[in-house]
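# Descriptive structure summary
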Amino acid sequence: MHFPLRADPAGMLEPRILAKPALRLEMLWDGQADAPWRYEGEGSHAFAEAALCLETNAAAAEWPEGEPSHGRYATFGSYTAHLDLRGRETAQYNCLVFQIKPECDGLHSPCIRVGFVNDGEKKIPDAYSREGFHCINLTNNRWNTCVWEFDSIPHDRMTELFFRVHKYGRELTASTTLRYQIRAIELREVAVPETTLGWQGRQG
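Residues numbered from 1 in each chain as written. Predicted model: local features only at pLDDT ≥ 70, side-chain atom pairs only at ≥ 80, totals over all residues. Heavy atoms only, no water.

## Comments concerning the overall build of the chain
Quick reminder of the rule: A run of H or I in DSSP becomes a helix once it reaches four residues, and a run of E becomes a strand once it reaches two; helices and strands are each numbered from the N terminus. Only C-alpha atoms enter the radius of gyration, while the globule expectation follows 2.2 Å times N to the 0.38, with N the number of residues. Relative accessibility decides the category of a residue: with a 1.4 Å probe and only protein chains considered, values under 20% of the type maximum give buried, values over 50% give exposed, and everything between is partly exposed. We call two residues in contact whenever any of their non-hydrogen atoms come within 4.5 Å of each other. Computed by Shrake-Rupley with a 1.4 Å probe, the accessible areas treat only the displayed protein chains as cover when residues are assessed. Lys and Arg are tallied as positive, Asp and Glu as negative. Neither His nor the chain termini are counted. Here the site of a charge means NZ on Lys, CZ on Arg, CG on Asp, or CD on Glu.
A tally of regular secondary structure across the chain gives one helix and 12 strands. Scaling as 2.2 N^0.38, a compact globule of 204 residues should have a C-alpha radius of gyration of about 17 Å, and the chain matches this with 18 Å. Summarising its shape, the C-alpha atoms of the chain cover approximately 50 × 50 × 40 Å along the three principal directions. Taken over 204 residues, the chain has a buried fraction of 38%. Considering only intrachain contacts with a sequence separation of at least 6, the fraction spanning at least 24 residues in the chain is 79%. Accessible surface, the chain as shown: approximately 12400 Å² in total, 49% of it carbon and sulfur. In the chain, 22 positive and 28 negative side-chain charges are present, and the distance between their average locations comes to 3 Å.

## A look at the environment of Phe-47
With respect to the helices and strands, the residue Phe-47 is situated in strand β3 (residues 44-48). Spatially, the C-alpha atom of Phe-47 lies 30 Å from that of Ala-74, the residues being 27 residues apart in sequence. Among residues more than four places away in sequence, those in contact with Phe-47 are Trp-29, Gln-32, Ala-33, Trp-37, Tyr-39 and Leu-52.

## Examining the confidence of the model for the chain
Keep this limit in mind: A score between 0 and 100, pLDDT records how confident the predictor is in each residue.
Chain-level statistics for the chain give a pLDDT mean of 91 and a share of 100% at 70 or above. Here helix α1 (residues 13-18) stands out as the element of the chain with the lowest mean pLDDT, 90, in contrast to strand β6 (residues 95-102), whose mean of 97 is the highest.

## Observations concerning the side chain of His-166
Residue placement: His-166 occurs in strand β11 (residues 158-166). Beyond its immediate chain neighbours, meaning those up to four positions away, His-166 contacts Thr-75, Gly-77, Ser-78, Arg-113 and Leu-178.

## A word on the pattern of salt bridges
The following threshold applies: Whenever Lys or Arg places a side-chain nitrogen within 4 Å of a carboxyl oxygen from Asp or Glu, that contact is recorded as a salt bridge.
All chains considered together, the criterion is met by 13 salt bridges. Note that Glu-194 is salt-bridged to Lys-20, the shortest N-O span being 2.8 Å. A residue pair is termed long-range when its members are at least 10 positions apart, and Glu-194 in the segment after β12 (177-190) and Lys-20 in the loop between α1 and β1 (22-29) qualify at 174 residues. For Lys-20, a relative accessible area of 15% translates into the label buried. In this structure, Arg-188 and Glu-186 form a salt bridge, with 2.6 Å as the shortest nitrogen-oxygen distance. Connected through salt bridges with shared partners, the residues Arg-16, Lys-20, Glu-149 and Glu-194 form a single ionic network.

## Looking at the packing of aromatic side chains
Keep this limit in mind: In this analysis, rings of Phe, Tyr and Trp, with Trp reduced to its six-membered ring, are considered paired at centre separations within 6.5 Å, and the interplanar angle assigns stacked below 30 degrees, edge-to-face beyond 60, and tilted for intermediate values.
Per the counting criterion, the structure on display carries 10 aromatic pairs. The interplanar angle of 45° and the centroid separation of 6.4 Å between the aromatic rings of Trp-37 and Phe-163 together place this pair among those described as tilted. Here Phe-163 lies in strand β11 and Trp-37 lies in strand β2 (residues 37-40), a separation of 126 residues in the sequence. Taken as a pair, Trp-37 and Phe-163 share a single burial class, namely buried. Between Trp-148 and Phe-150 the ring centres are 5.8 Å apart and the planes differ by 70°, which places this aromatic pair in the edge-to-face class. Note on accessibility: Trp-148 and Phe-150 belong to one class, buried.

## Here's the deal with the side chain of His-155
Spelled out, the test is: The term polar contact refers here to a pair of N or O atoms within 3.5 Å; inside protein, the definition further demands a hydrogen-donor-capable atom paired with an acceptor-capable atom, and it admits residues adjacent in sequence only when both atoms are side-chain atoms.
With respect to the element layout, His-155 can be found in the loop between β10 (144-149) and β11. Reaching out from His-155, the side chain makes a polar contact with the backbone oxygen of Tyr-93 at a distance of 2.6 Å. Within the structure, His-155 has its side chain in polar contact with the backbone oxygen of Ile-153 (distance 2.6 Å). If near-sequence neighbours (up to four positions away) are discounted, His-155 is found in contact with Thr-90, Ala-91, Tyr-93, Asn-94, Phe-116, Asn-118 and Phe-150.

## Regarding unusual backbone geometry
Look at the link from Ile-124 to Pro-125: it is a cis peptide, with omega at -5°. Tracing the chain through its elements places Pro-125 in the loop between β8 (123-124) and β9 (133-137). Phi at Glu-49 takes a positive value of approximately 50°, unusual for a residue other than glycine. Among the structural elements, Glu-49 can be located in the loop between β3 and β4 (51-57). At Asn-141, a residue that is not glycine, the phi angle is positive and equals roughly 60°. Structurally, the position occupied by Asn-141 is in the loop between β9 and β10. Using a relative accessible area of 44% as the deciding quantity, one classes Asn-141 as partly exposed.

Right, dumping it as structure tokens:
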């Protein structure tokens, strides 16, 4: 009697954003292994076919340091790849686009958390970590083109971009390993970004 509604891709926001012409575009990473990446947490990384491959376990034998021992509202930690933007001029851009392929056998809903650090006039994330993050649900075992417009968030001096895999545990039929491939990371400037603050509608 009850079943989940299927998402209609034709009505999603992402295709509309991707269809906007880019006034300017800058590739942040060309797929070479000598890029300024650093890694945090338990996991491993490799480079293949112009993609960064992140791999980590879905669970762990103990909770991460700093998490309560009862484990409520906690993950089994995370594995994060940080890309140093090395002083790039970022103020003119307002959109991030990248491709990612989750290979998480048996996982019902793989996701990735993407975020950035801004060291400009206003710091992002702030002291309460309220902004500068975006969690994206993905389709398993295929390349997903992801887009994030961040025009309303301070980004005048972005110093790094990061991709974080949270370890939420495993479903009974799922693999113990989480694997994600990331490629084609770029910043774009779009002329008319979506309205995300206030009640004023988007132009037109």
